[in-house]
Amino acid sequence: GAGVSQSPSNKVTEKGKDVELRCDPISGHTALYWYRQRLGQGLEFLIYFQGNSAPDKSGLPSDRFSAERTGESVSTLTIQRTQQEDSAVYLCASSRQLYSGNTIYFGEGSWLTVV
Amino acid sequence: AQRVTQPEKLLSVFKGAPVELKCNYSYSGSPELFWYVQYSRQRLQLLLRHISRESIKGFTADLNKGETSFHLKKPFAQEEDSAMYYCALSGNYGGSQGNLIFGKGTKLSVKP
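Residues numbered from 1 in each chain as written. Chains lettered and ligands numbered in written order. Predicted model: local features only at pLDDT ≥ 70, side-chain atom pairs only at ≥ 80, totals over all residues. Heavy atoms only, no water.

## Here's the deal with the pairing of strand E2 (residues 10–14) of chain B
Residue and element names in this part refer to chain B.
So, step 1. With burial as the criterion, only one face of E2 is covered, namely that bearing Leu11 and Val13; the residues Leu10, Ser12 and Phe14 on the opposite face remain uncovered.
So, step 2. Here E2 runs beside strand E11 (residues 106–111); their pairing, made up of five bridges, is parallel. Counted as the bridge partner of serine 12 is serine 109 from E11. (Buried < 20%, exposed > 50% of the residue type's maximum accessible area, 1.4 Å probe, protein only. Helix = DSSP H or I, 4+ residues; strand = E, 2+ residues; numbered from the N terminus. Pairing = 2+ DSSP bridges.)

## Structural notes on the pattern of salt bridges
All names here are of chain A.
So, step 1. Per the stated rule, a full pass over the model turns up eight salt bridges over all chains.
So, step 2. A salt bridge links glutamate 44 to arginine 36; the shortest N-O distance between them is 3.0 Å.
So, step 3. Here arginine 64 ties to aspartate 86 by a salt bridge, and the two come within 2.8 Å at their closest N and O atoms. In this pair, arginine 64 is assigned in the loop between strand E5 (43–50) and strand E6 (65–69) and aspartate 86 in the loop between strand E7 (75–79) and strand E8 (88–95), connecting sequence segments 22 residues apart. (Salt bridge = Lys/Arg side-chain N within 4 Å of Asp/Glu carboxyl O.)

## Observations regarding the state of the cysteines
In protein structure, a disulfide is the covalent linkage between the sulfur atoms of two cysteines.
So, step 1. Per the stated rule, a full pass over the model turns up two disulfides over all chains.
So, step 2. Paired by a disulfide, cysteine 23 of chain A and cysteine 92 of chain A hold their sulfur atoms 1.9 Å apart. Of note, the bridge from cysteine 23 of chain A to cysteine 92 of chain A carries an S-S torsion of about -70° and is left-handed in sense. Here cysteine 23 of chain A is found in strand E3 (residues 19–24), whereas its partner cysteine 92 of chain A is found in strand E8, with 69 residues between them in sequence.
So, step 3. Here cysteine 23 of chain B engages in a disulfide with cysteine 87 of chain B; their sulfurs sit 2.0 Å apart. The sign of the -65° torsion about the S-S bond sets the cysteine 23 of chain B-cysteine 87 of chain B disulfide as left-handed. In this pair, cysteine 23 of chain B sits in the loop between strand E3 (19–21) and strand E4 (24–26) while cysteine 87 of chain B sits in strand E9 (residues 83–90), placing the two residues 64 residues apart along the sequence.
So, step 4. According to the relative accessible area criterion, cysteine 23 of chain B is buried, its value standing at 0%. (Disulfide = S-S within 2.5 Å.)

Any functional reading would require information beyond the geometric quantities listed.
Here it is, written out as structure tokens:
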């Protein structure tokens, strides 16, 4: 596709349920990133992938959060037993390579509301 | 610790007035700095990066290592400049990017 695609765009879920957020990066982009933005806050880095490898998972807020990526394509961010504090916009981004000279392109985000 | 600070949550100016969005950073090495912009109902996108030393849409930003600042400036603001602006830092200049560290953003409102 022309840009980073995320689904669902909006999700309302009940506290305690699991949710899965999906990201389709730009074709050919080896690096993929997940960020979270709570209301009124800045972007909080969660995790990045180089190919299907995630070298640093320390940004994930808790063990309820996990992410995986299939090859150099789709990535899913899973939140288990959702809590109200998980309500946020989850942004996915990709870049051609994992080097600072490469522009990072963002998706439109998945708005998650936990009630 | 790596940190990006944008002291103003909201900046309101009149059309034609100069605008400066402040950004200060904390990083011990040689960072790469960026400005990202998010217009209403659009996705976050790169505006400019310090290594390019370019002017995009009339905006410029100079890295001041002495003051650890990367303020975004435009001499004459336009209404279409109204948006959220995020300053970001990459901690590994020229190397593995890993992640960008973002400030909390400044909402620029340009009034007619």
